[in-house]
Number of protein chains: 4
Amino acid sequence: MHTIRTLGLLTAGGDCQGLNAALRAVTLAAQRDLGATVLGFHDGYVGLLRGDCRRLDRDDVAGILAQGGTILGTGRGRAEQGAALDDLVRRSLQQATALGLDALVCLGGDGTQRFARALAEAGLRVVTLPKTIDNDIRGTEVCFGFDSAVYIATEAIERLRTTAHSHSRVMLCEVMGRDAGWIALAAGLAGPAHVVLIPEIPYRTEAVVAALQARAARGRRYSIVVVAEGARSAADAAAGRTQKHAAALRLVDELQDATGIETRLTTLGYVLRGGAPTVGDRLLATELGLEAVRLLGAGVHGVMVGQQHGRLVPVPLAEAGSGARTVPPEHRWIDALRRLGACLGD
Amino acid sequence: MHTIRTLGLLTAGGDCQGLNAALRAVTLAAQRDLGATVLGFHDGYVGLLRGDCRRLDRDDVAGILAQGGTILGTGRGRAEQGAALDDLVRRSLQQATALGLDALVCLGGDGTQRFARALAEAGLRVVTLPKTIDNDIRGTEVCFGFDSAVYIATEAIERLRTTAHSHSRVMLCEVMGRDAGWIALAAGLAGPAHVVLIPEIPYRTEAVVAALQARAARGRRYSIVVVAEGARSAADAAAGRTQKHAAALRLVDELQDATGIETRLTTLGYVLRGGAPTVGDRLLATELGLEAVRLLGAGVHGVMVGQQHGRLVPVPLAEAGSGARTVPPEHRWIDALRRLGACLGD
Amino acid sequence: MHTIRTLGLLTAGGDCQGLNAALRAVTLAAQRDLGATVLGFHDGYVGLLRGDCRRLDRDDVAGILAQGGTILGTGRGRAEQGAALDDLVRRSLQQATALGLDALVCLGGDGTQRFARALAEAGLRVVTLPKTIDNDIRGTEVCFGFDSAVYIATEAIERLRTTAHSHSRVMLCEVMGRDAGWIALAAGLAGPAHVVLIPEIPYRTEAVVAALQARAARGRRYSIVVVAEGARSAADAAAGRTQKHAAALRLVDELQDATGIETRLTTLGYVLRGGAPTVGDRLLATELGLEAVRLLGAGVHGVMVGQQHGRLVPVPLAEAGSGARTVPPEHRWIDALRRLGACLGD
Amino acid sequence: MHTIRTLGLLTAGGDCQGLNAALRAVTLAAQRDLGATVLGFHDGYVGLLRGDCRRLDRDDVAGILAQGGTILGTGRGRAEQGAALDDLVRRSLQQATALGLDALVCLGGDGTQRFARALAEAGLRVVTLPKTIDNDIRGTEVCFGFDSAVYIATEAIERLRTTAHSHSRVMLCEVMGRDAGWIALAAGLAGPAHVVLIPEIPYRTEAVVAALQARAARGRRYSIVVVAEGARSAADAAAGRTQKHAAALRLVDELQDATGIETRLTTLGYVLRGGAPTVGDRLLATELGLEAVRLLGAGVHGVMVGQQHGRLVPVPLAEAGSGARTVPPEHRWIDALRRLGACLGD
């Protein structure tokens, strides 16, 4: 086991709810359990590369648990994208050495995990936490930010339903999810939605039309269709086309033409990742942050703290950063939607 | 004074929060105060034209006060648009006579007021209520739906602010308001926003850029810009061009190019008019509904129930339906934003 | 007109939502419009007496608009209660002179208005703002904090209704309001409640029992009864007895015994005054704060900024501090509840 | 495997959020997957004893997913308490036979599980679902209702914090939990609270006083203390005394006397179990309901559907009804609170 005297901390990638809760937990536990000094880097890896950081103390993290965003700022490192990965890693390690960092905790998504892995392989003690509203990081069944995003999407669906109902309209609601349909599935179950289209299941427009018509035949001309950003038709999937937002726009027209029912699109974008975290995300981010410190104290690093079967586990960074975790075809939420009579487009 | 034995009731135009609260108030008071039978028409004027209605009783309106949408459905009468106004009025009166209607209460926006006026001029006792999230009906200082829409827009701005802050971005938030900037102003004050662009004040992009740069110079690279759907640049205004959504899209690019700060757009559409009404809209819709019944009982009709200087007043339908009520240049909200340091684009 | 170079600012009495919004508005406008330096006193009049204050700048009030509570702290001056009013006033003026205060803006309730009046009469330029969830300050039709408190009470009533309904129970919900029934009335309308008991209308238990039984006879064994803290029975009123909370406890037993329906009590206390202000309170507090600065700039003082007929007006402090503004018997909310079939206990 | 042609359904015990979501899932899946007719009993076991039920169809459960309470009503069977358990079971089976029930799904808490077990032992095919805001049913790591109750308690704590802070007060917040401290712990983590007292850890008042004084010494005179209903002092625990609410009342006085800091109590009661379910409870209740139907279709009964290690599992009714599941001393939430610096009273 190695003593951690100075611990670095940063938030990278797109922000989401729960980042501050995790920063607070790491800071408090690192001071209390390890007796460490905590340095928070500004704007993600950008701050690490520049050695741009400040000391975080108990007072700095007081009252931030429920705040949206991140008090450290975040960055996607674009300013540095010209540089080769090796070069970025080398410079990061130089700064880490210059600042006397004994370890680094990185909060981030998919890209963060990959860069963290490179740092770890270069010799830095790194532990990461999985944050993304998309919930698609491998090695963990849940990421913080997801619960909050689903809450916001569900609230929007509820609003859209009352107006869909009053106007006997079909309302499409596009939610984030380029590679994976987690938000769409969960919000579709909780909304509830009548049709849910996700990237993992290429849809046939005719199947969606048939579902809407079947509802209309039962006297329900209004319907809610939740579409993940990355959903695409079977034809587009077969042809290898990806279109994202354009697909939703086209689908609105196709459905309206085929059903004769007024159809409208609402796109939920950045609002899904903003504002105060839900209780679920507060607890998750806090527990993950505490576990990161515990692992470092126990000499474990080079891992992401994930949750599997309801328990916190260390996940090798190689696994965590190995691409998007998509929804498996037999997932219980897919099964649930089918059993409740929802259409998944296939 | 005239006895009202049978009272018709309908909701027309785009739906909004508070319609059910008003339907409940009218139904309960018409039964209790007037001893009247209430007939609710389905899908707005479409139901009136077709005589498609049902009796509303105490049990029908129990528990609907806080429900979004309208239990009667609404319609814009498009199916009938081919017909001349005279013809629609004549057929409506035939149905009213056939059903024995002694009076009609219409909940609706601008268009509703105009059709109601035609009905009134043709001899039907009509009282209307002003509903629209846009808050732009003449003769009243507030419409129900507005408070709820501002609440939703404000909540979205709060979410956008945390992510704008974390990423040091400019976030544009487009809200409804084709002709009038009421939602943008109120949400801009409550959000709060740093820039608010409304149809009544054509904006100069340079002024907005200067405001964003002034903030950046004070160390605040993030900003919130609220844009009403109908806002347009001074150049477009001078040329008589209206562009709505396209203007917001273009503005995003212009601001990003000129400031060098990452800029993103979020468009709040149908979610603004859905879901449960706020407390403010519940009270307003309820009071307006009760007043409509009181007026009819007192023999007053051919009017919209409006609020002026905080009091309920009957407003001639000719005034109510005379076009959009825009924000006067000296309105206290405009003054307030300026005094608080916000930019209005001029 | 008099130049205001240094402006004092304090929040006194029980806190409520909107205080920070008003502090922000006063600070920003005093700097921008008057070029004044703003000094914020800690913990209300206690800070004034001790000269305990700090300079407030734009950065101090950034981001506080939507925060609950008050960044200055508040106090009821109890520590000083032993002292005579004259003495407190004299010492306050000494501090004001020592600090070079040209004027003072006080945010507070009933008691605050009275002390402010004494300061004004002793020669200090004072403008006050009406804050209290109870909404019972004279000279204004609305106080900030009220809208937020009604929102919270209404949300609680909605929660109580679902459980009342499931269990076929009567739920009493006690809300704040010692002298005036404003919160109970508004929340009773918005909830909605079936019975609303307020201090202004002494209730007869038999009338309440009859209302509950009438509902049960129509198949509705569940009911919601909203009781203001200061509501009392006609017998207690006649005998000059006040009991507050004890009255609600006794009423629960009386109703359960008389109706045979399970009856439960929920008391909403401090939660009503906490958390973020509603949009309505943000706008009101902001506008009142701006108006206070405008009045001072125009040489007007010795007044509270009130709202009458929807317009901001200066109200003499003598009127503002002259006791609780109770609900007049003919108020439109009382009328509305009666017309909707609610029982007011008489 | 046995065919289920007629399926009974009931909700018993105290209501909570998610009951309707579960009723909807069971009804839809029983019709679609089993082709069964669903009979919903009114008011819990009371309805079963009386044969008081109605058929539930797709339209009956449309739109109820997010509704608080239960459309079937619930009852604690008190009217029947005089009868012996054997007699109640015998009469229930008679009704089940008379109605041709092939199986029964019961949604309920601890007591429900015990009665369900008796029914199962007498030969009825029974599957139960764990519902209780207290989260204390054995054999499952989570019950529906819990997430919603924690959400409401957390929101209340956030409100209390702003007013505690403004007034430099200690705020005690009492939450439900007679036997187990789950709500207090989760809300204490999410709030966050500075002191959390639960039934499982008898508290020493001196330890709480020391924690409050330590905060005051760091300049933070305000604190939030969350107290579970069943928390008690070490002295009371040693003497075998239970006092519930009285303990909280006494603690307020003790803390105020010992610290000299103004201390106030807020009791959150029935509001914790009312209103719309959170997204988490919607998903959980839906999935549990679907699993109940799947188990019955697969010939499994005599079990509660529980969740263990994040997976749905059948739990023997004997285990489910064997008393309250208290928080184990080494639970990760207890550990988390300690590591974050909170006081647990010991």
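The present account deals with the structure reproduced in this document. (Residues numbered from 1 in each chain as written. Chains lettered and ligands numbered in written order. Predicted model: local features only at pLDDT ≥ 70, side-chain atom pairs only at ≥ 80, totals over all residues. Heavy atoms only, no water.)

**Details of the overall build of chain A**
What chain A contains, in helices and strands, is 13 helices and 11 strands. For 346 residues, the compact-globule estimate of 2.2 N^0.38 gives 20 Å, and chain A sits close to it at 22 Å. In terms of principal-axis extent, the alpha carbons of chain A reach across some 70 × 40 × 35 Å. The proportion of buried residues among the 346 residues of chain A is 63%. Considering only intrachain contacts with a sequence separation of at least 6, the fraction spanning at least 24 residues in chain A is 74%. (Helix = DSSP H or I, 4+ residues; strand = E, 2+ residues; numbered from the N terminus. Rg over C-alpha atoms; globule rule 2.2 N^0.38 Å. Buried < 20%, exposed > 50% of the residue type's maximum accessible area, 1.4 Å probe, protein only. Contact = heavy atoms within 4.5 Å.)

**What about the interface of chain B and chain A?**
If you look at the interface, chain B gives 32 residues, while chain A gives 32 residues. For the pair chain B and chain A, the two sides together bury roughly 2,500 Å², of which 50% comes from carbon and sulfur. Of all residues in chain B, the largest losses of buried area upon contact with chain A belong to B:Arg159, B:Ser166 and B:Tyr270, amounting jointly to 29% of the total for that side. There are zero salt bridges connecting chain B and chain A. Our enumeration of links across chain B and chain A arrives at 16 residue pairs in polar contact (both at pLDDT 80 or more). No other element matches the 10 residues that helix H5 (residues 146–167) of chain B contributes to the side of chain B that touches chain A. A breakdown of the residues in the side of chain B that touches chain A according to their chemical character gives eight nonpolar, 15 polar and nine charged. (Buried area = accessible area lost by both parts, 1.4 Å probe. Salt bridge = Lys/Arg side-chain N within 4 Å of Asp/Glu carboxyl O. Polar contact = N/O pair within 3.5 Å; in protein donor to acceptor, adjacent residues only side chain to side chain. Nonpolar A, V, L, I, M, F, W, Y, C, P; charged D, E, K, R; others polar.)

**Considering the relation of the copies chain B and chain A**
For the pair chain B and chain A, the best superposition has an RMSD of 0.0 Å and corresponds to a rotation of 180 degrees with a translation of 0.0 Å parallel to the axis. Such values leave the two copies arranged in the relation of a two-fold axis. Looking at the rotation axis and the C-alpha trace of chain B, the residue lying nearest is B:Thr267, at 3.8 Å. Most of the interface of chain B is mirrored in chain A, where 100% of its interface residues again form contacts. (Least-squares fit on C-alpha atoms with pLDDT ≥ 70 in both.)

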